[in-house]
Amino acid sequence: SGVYCLNLTQGGDVRTLYATGSVSITDRSLDGVALRGMPAFPVPGVVQVEGPPTDRDGTVIFAEPAQSASTNRNNALVEDGKFTLEGSVPGTYHIRANRLAPTMYVKSILYGDQDASEGLVTFRPGGAVLTVVLGSDGGQLSGTVEAVNADPAGNLMVGVAPPDRLGNRVDLFKWAPVDPAGHFQITGLAPGEYTVYAWDDPAAFLSEMADFRQAFSSRAVPVTIAAGASTAVQLKAISADDVRKVKARY
């Protein structure tokens, strides 16, 4: 018994139809439930670069659903500064850019005349253009990680998180492995304020949640990344046991 959401899905590389609905199940089966199929639509886009000239072609733009796990993410390759997210459906999405040059990052996002620079874009039919502005003056973060006993800590992951107000900018969350000698390096960081964590039992999805990170705030290191600059930090690893205790709440 309960209320359920219905979503039409399709095989193949590109959606041509979408449909959503809801039903309420009580004490009997339902037959003849109707879903109205609507045509999926393309979202045209352009990529611009601010800062030192850097090649933008070969970048891949991702649109990842912010709410519905049943809606597949969409992606498109940038060619001649343009891309098209084919087979899009209405909804709210996070925007990411992958395969960027080491100094590049997403600086701002526009959808039509909507400023979506805080991370969420609501797609709708109608041909509005998605503009992704890349900065080419990203900063670099490097450093070392020590285990709890002060020995070099290898085979861990370092996570970088933006301020909570930018929590919807999933592209600003960065990860890097720690080598056996305890060193790490992260490139392409947008200038700004971050907190840095060294995870012995990394949980990428949970680490993007502010309340999960809050449990480890005393072991986070704040950093300021300046445009085109390098910053170094020293971290202490957050033990796997401590991470598991907090993960159990979720």
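Residues numbered from 1 in each chain as written. Predicted model: local features only at pLDDT ≥ 70, side-chain atom pairs only at ≥ 80, totals over all residues. Heavy atoms only, no water.

Peer 1: How should I be thinking about the overall build of the protein chain in this particular structure?
Peer 2: The number of helices and strands found in the protein chain is three helices and 20 strands. Here the C-alpha coordinates of the protein chain stretch approximately 65 × 55 × 30 Å along the principal axes. Residue burial in the protein chain is summarised as follows: out of 250 residues, 38% are buried. For the protein chain, the computed accessible surface area is about 13,200 Å², with 50% contributed by carbon and sulfur atoms. Counting 20 positive and 26 negative side-chain charges, the protein chain places the averaged centre of each group 4 Å from the other. (Helix = DSSP H or I, 4+ residues; strand = E, 2+ residues; numbered from the N terminus. Buried < 20%, exposed > 50% of the residue type's maximum accessible area, 1.4 Å probe, protein only. Areas by Shrake-Rupley, 256 points an atom, 1.4 Å probe, with all protein chains shown as cover. Lys, Arg positive; Asp, Glu negative; His and termini not counted. Charge placed at Lys NZ, Arg CZ, Asp CG, Glu CD.)

Peer 1: What should I look at first to understand the packing of aromatic side chains in this one?
Peer 2: Given two aromatic rings, their pairing is described by the distance between the two centres and the angle made by the two planes. Enumeration according to the criterion identifies six aromatic pairs in this entry. Look at W199 and F216: their rings are 5.2 Å apart centre to centre, the planes differ by 90°, and that puts the pair in the edge-to-face class. With W199 in strand β18 (residues 192-199) and F216 in the loop between α2 (210-214) and β19 (221-225), this residue pair connects regions lying 17 residues apart in the sequence. An aromatic cluster is defined as three or more aromatic residues linked by ring pairs; in this entry it consists of Y197, W199, F212 and F216. (Phe/Tyr/Trp six-rings, centres within 6.5 Å; stacked < 30°, edge-to-face > 60°.)

Peer 1: Just to check I follow, could you spell out the sheet that holds strand β7 (residues 74-77) for this structure?
Peer 2: Within a sheet, neighbouring strands are paired by backbone hydrogen bonds and run either parallel or antiparallel to one another. Overall, antiparallel pairing links the four strands, which are arranged β7-β6-β9-β12 in an open sheet. Edge positions in the sheet fall to β7 and β12 (120-123), since each of these pairs with one other strand and no more. On average, adjacent strands in this sheet sit at an angle of 30° to one another, irrespective of strand direction. Judged from the four bridges that link them, strand β9 (residues 91-98) and β12 form a sheet pairing that is antiparallel. (Pairing = 2+ DSSP bridges. Axes fitted to C-alpha atoms, helices over the stretch in contact; angles between N-to-C directions.)

Peer 1: Looking at this model, I keep getting lost on the pairing of β9. Mind explaining?
Peer 2: Within a regular strand, the side chains alternate between the two sheet faces. Examined bridge by bridge, strand β6 (residues 60-65) and β9 share six bridges and lie antiparallel to one another. Residue pairing across strands places I61 opposite A97, the latter belonging to β9.

Peer 1: Could you clarify how one ought to interpret the pairing of β18 in this entry?
Peer 2: Here five bridges tie strand β15 (residues 157-161) to β18, and the two strands are oriented antiparallel to one another. The residue bridging V158 from the neighbouring strand is A198, located in β18. Relative to β19, β18 is paired through five bridges, and the arrangement is antiparallel. Counterpart to G192 in the pairing with β19 is I225.

Peer 1: I would appreciate a short explanation of the pattern of salt bridges in the present structure.
Peer 2: As a working rule, side chains carrying opposite charge can pair if their charged atoms are close by. Summed over all chains, the structure comprises eight salt bridges. Overlapping salt bridges, with partners in common, bring together E64, R96 and E208 in one network. (Salt bridge = Lys/Arg side-chain N within 4 Å of Asp/Glu carboxyl O.)

Peer 1: Can you help me understand the sheet that holds strand β10 (residues 105-111) in this one?
Peer 2: In spatial order, the strands read β8-β5-β13-β10-β11; together these five strands make up an open sheet with mixed pairing. Bordering the open sheet on either side are β8 (82-88) and β11 (114-115), each of which pairs with just one other strand. Pairing between β10 and β11: two bridges, direction antiparallel. Bridging from a neighbouring strand, Y111 pairs with Q114 of β11.

Peer 1: Would you explain the nonpolar core in this entry?
Peer 2: Generally speaking, a soluble globular protein has its nonpolar side chains buried in company with each other. Residues F83, I95, F123, L130 and V132 are the most contacted members of the largest nonpolar core, which totals 26 residues. Among the secondary structure elements, those contributing two or more residues to this core are β5 (41-50), β6, β8, β9, β10, β12 and β13 (130-135). Beyond its immediate stretch of four places on either side in the chain, L130 contacts V43, P44, G45, V46, F83, L85, I95, I109, L110, Y111, V121 and F123. (Core = buried A, V, L, I, M, F, W, Y, C linked by side-chain atoms within 4.5 Å. Contact = heavy atoms within 4.5 Å.)

Peer 1: Which parts of the structure should I look at to understand the confidence of the model for the protein chain?
Peer 2: Atomic detail in the predicted coordinates should be set aside for any region of low pLDDT. Across the protein chain, the average pLDDT comes to 90, with 95% of residues at or above 70. For the protein chain, helix α1 (residues 204-207) is the element with the lowest average pLDDT, namely 82, and β19 is the one with the highest, namely 97. (pLDDT = per-residue confidence, 0-100.)

Peer 1: Would you mind showing me how to read helix α3 (residues 240-247) here?
Peer 2: Count 3.6 residues to each turn of an α-helix, and residues three or four apart come out pointing the same way. Three or more residues of α3 are buried, namely A240, V243 and V246. All buried residues of α3 lie within an arc of 130° about the axis, which places them on one face of the element. (Arc of directions from axis to C-beta.)

Peer 1: Explain a negative patch on the surface to me, please; I cannot follow it from the model alone.
Peer 2: There is a patch of like negative charges on the surface, built from D55, D57, E79 and D80. On the accessibility criterion, D80 (66% relative accessible area) is exposed. (Patch = residues over 30% accessible without salt bridge, like charges linked within 9 Å, V, L, I, M, F, W, Y side chains within 5 Å.)

Peer 1: Explain the side chain of N74 here, please?
Peer 2: Structurally, the position occupied by N74 is in strand β7. Residue N74 is classed as buried on the basis of its relative accessible area, which comes to 12%. In terms of polar contacts, N74 uses its side chain to reach the side chain of S88, at 3.3 Å. With near-sequence residues (within four places) excluded, N74 lies in contact with R15, I61, F62, A63, L85, E86, G87 and S88. (Polar contact = N/O pair within 3.5 Å; in protein donor to acceptor, adjacent residues only side chain to side chain.)

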